[in-house]
Amino acid sequence: MDFRQLSFPEAPLIKAVPPGQKSKEFLDFQTSSESSAVSYPKGLPMAVQKAKGATVEDVDGNVYIDFFGGAGVMNVGHSNPQVIEAALKQISAFTHSLDIPNPARRSLVETLLTLLPGSMNKLYIAGPTGSEAVEAAMKLAKYNKKRPPMIAFEGSYHGMTSGALSLTSSLGFKEDFLPLLSEVHFVPYAYCYRCAFGRKPETCEVDCAKYLEHVLEDPHSGVGKPSAVIVEAIQGEGGSVIPHDLFIPRVREICDKYDVLLIVDEVQAGFCRTGKMFSFEHTGVIPDIVTMSKALGGVGFPISGMAFKQELDTWPPGKHIGTFRGNVVAYAAGHAALQFMVASNLAEHASELGQSMLSRLKEIEKESGIVGEARGKGLMLGVELVLDKTSKKPAPEFARQIRTFCHQNGLLIEIGGHYDNVARFLPPLVITEDLARKGLEIFADAVTSTEKSR
Ligand SMILES: Cc1ncc(COP(=O)(O)O)c(C=O)c1O
């Protein structure tokens, strides 16, 4: 199956300026009947009718190019027929089995293990969400090392359940729910555009990693020896932050030196997103524990898990349980999706197309006074909006304006970053060169129009 044929042929197509009348009715109903905590429709006001490949149609008949990809879930494309076929076959056989073995589960586990480094030879299917994979990873680390502290990074996002939220840096997400887990400490990530140490990547000595070592080495750092350091090899919600090349390798060395486990959270960056099956593969580093979810469920069937080294598999049966330790339909869909990724060489496509998209974004960065930095790896891209390039003052209002312009002109994008000032692109990896080019032109117009309006 040629993945280039998966999307709707005509996109973008705007019939009624979004949100159209029908979308508005859905949105009104949602506002009146669902919790005010609902958030995505606030930025992308629309109701979805159907979606294919890298395109989404709303209930008013508008067709969008999708640079959002269900927040990194839709790597193999919306409604991928190969995945849907596998899911339907499983639905008609049976759909729930806790963690009792079955052919679908076995196929998924077998395939995943062939895609992971040889030393990561144990898998645990966690609950349905990425947050729960993070909870499981934290428990596995603590069970093995018997130390409560954990270290995470500034700009991190690891989820919303209390444990995972403790490891997430955004105060906006957590300050109303404190205290969360105690003994979680944050150290700077290699966010070179806003280096915490005021250094330039060309000349720095990866001071952020040095600082991690300092915290572990100095008995007066105030940080107890942790069970694990948890890191995203490329930060997602933190603003598509690509760390200095030496950062993750140094973190690995430091963890080894101080007998601390290294958890790499691949929930967002995994499954070919960055041009490799897993983003840690860019670093030459092998983690002790890897968390995964999102694209693992194929086309949005919820599932999550973690892979880890056999020597960590010390916990007894039942140490981390629940009703949904996986989902049989998601196993089948996930297995079909992995096969599709490999057969279609989606990693290579993401890498090549990502490079050409980044080149275009770099041109936009050069031409525009409000684009501080365009960055990315594969199809995990970000554009940081600033009031001006000298002060680098974050401009979340520009990011919101650009998102709205894009939406109204047929392109779906997301916003993230420390200051909500990064336009983020996570398109389905089946997006074609043509759709990517059209989407980027809408984005370029959005930047120009926003800059002119200030
Ligand atoms: C890196 C990372 N970890 C964990 C999570 C949490 O996953 P979920 O939203 O499925 O709980 C996310 C979600 O965006 C993520 O990006």
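## Things to note about the overall build of the chain
Reasoning step 1: Within the chain, the regular secondary structure consists of 14 helices and 15 strands.
Reasoning step 2: Compactness check: the chain gives a C-alpha radius of gyration of 21 Å against a globular reference of 22 Å for 454 residues, within 12% of the reference.
Reasoning step 3: With respect to the principal axes defined by its C-alpha atoms, the chain has extents near 60 × 60 × 45 Å.

## Some details on the site of the ligand
Reasoning step 1: Not every one of the 16 residues close to the ligand is listed here, only the nearest: Gly 130, Ser 131, Gly 159, Val 267 and Gln 268.
Reasoning step 2: No other element matches the three residues that helix α6 (residues 130-145) contributes to the shell around the ligand.
Reasoning step 3: Class assignment of the residues belonging to the shell around the ligand gives a composition of five nonpolar, eight polar and three charged.

## Some details on α6
Reasoning step 1: Taking 1.5 Å as the rise per residue, α6 with 16 residues should run 22 Å; its terminal C-alpha atoms sit 23 Å apart, in good agreement.
Reasoning step 2: Listed in full, the buried residues belonging to α6 are Gly 130, Ser 131, Glu 132, Ala 133, Val 134, Glu 135, Ala 136, Ala 137, Met 138, Leu 140 and Ala 141.
Reasoning step 3: Two residues or fewer past α6, Lys 146 is found with a positive phi of approximately 55°.

## Considerations on the pairing of strand β7 (residues 228-231)
Reasoning step 1: Side chains Ala 228 and Ile 230 of β7 all project onto a buried face; the interleaved residues Val 229 and Val 231 project onto the opposite face, where all are buried too.
Reasoning step 2: Examined bridge by bridge, strand β5 (residues 150-153) and β7 share two bridges and lie parallel to one another. When the sheet's bridge partners are listed, Ile 151 is paired in β7 with Val 229.
Reasoning step 3: After leaving β7, the chain enters helix α10 (residues 247-257) and then returns to the sheet as strand β8 (residues 261-265), a path that is right-handed.

## Quick word on the sheet that holds strand β11 (residues 371-377)
Reasoning step 1: Taken together, the four strands give an open sheet; going across it, the order is β11-β12-β15-β14, and neighbouring strands pair in antiparallel fashion. At either end of the open sheet lies a strand with only one pairing partner, and these are β11 and β14 (414-416). The average undirected angle you get between the axes of adjacent strands in this sheet is 25°.
Reasoning step 2: Summarising the sheet, strand β12 (residues 380-385) and strand β15 (residues 422-425) pair through four bridges and their orientation is antiparallel. The residue of β15 that forms the bridge with Val 383 is Ala 423.

## Points about the domain arrangement of the chain
Reasoning step 1: Domain assignment breaks the chain into domain 1 (81-343) and domain 2 (346-423 + 432-454).
Reasoning step 2: Look at where the C-alpha atoms of domain 1 and domain 2 centre, and you get two points 27 Å apart.
Reasoning step 3: Domain 1 puts 18 residues into the contact, and the matching count from domain 2 is 20 residues.

## Points about the environment of Tyr 124
Reasoning step 1: As for its position among the elements, Tyr 124 is in strand β4 (residues 122-125).
Reasoning step 2: The exposure class assigned to Tyr 124 is buried, which follows from the 23 C-beta atoms found within 10 Å.
Reasoning step 3: Counting along the chain gives 180 residues from Tyr 124 to Ser 304, while the straight-line C-alpha distance between them is 8.8 Å.
Reasoning step 4: If near-sequence neighbours (up to four positions away) are discounted, Tyr 124 is found in contact with Ala 136, Gly 305 and Met 306.

What counts, and at which threshold
- Residues numbered from 1 in each chain as written.
- Predicted model: local features only at pLDDT ≥ 70, side-chain atom pairs only at ≥ 80, totals over all residues.
- Helix = DSSP H or I, 4+ residues; strand = E, 2+ residues; numbered from the N terminus.
- Rg over C-alpha atoms; globule rule 2.2 N^0.38 Å.
- Near = placed C-beta within 6 Å.
- Nonpolar A, V, L, I, M, F, W, Y, C, P; charged D, E, K, R; others polar.
- Expected span 1.5 Å × (residues − 1).
- Buried ≥ 20, exposed ≤ 12 C-beta atoms within 10 Å, placed from the backbone.
- Pairing = 2+ DSSP bridges.
- Right-handed = clockwise from strand over helix to strand, strands pointing away.
- Axes fitted to C-alpha atoms, helices over the stretch in contact; angles between N-to-C directions.
- Domains from an automatic or database assignment.
- Contact = placed C-beta atoms within 7 Å.

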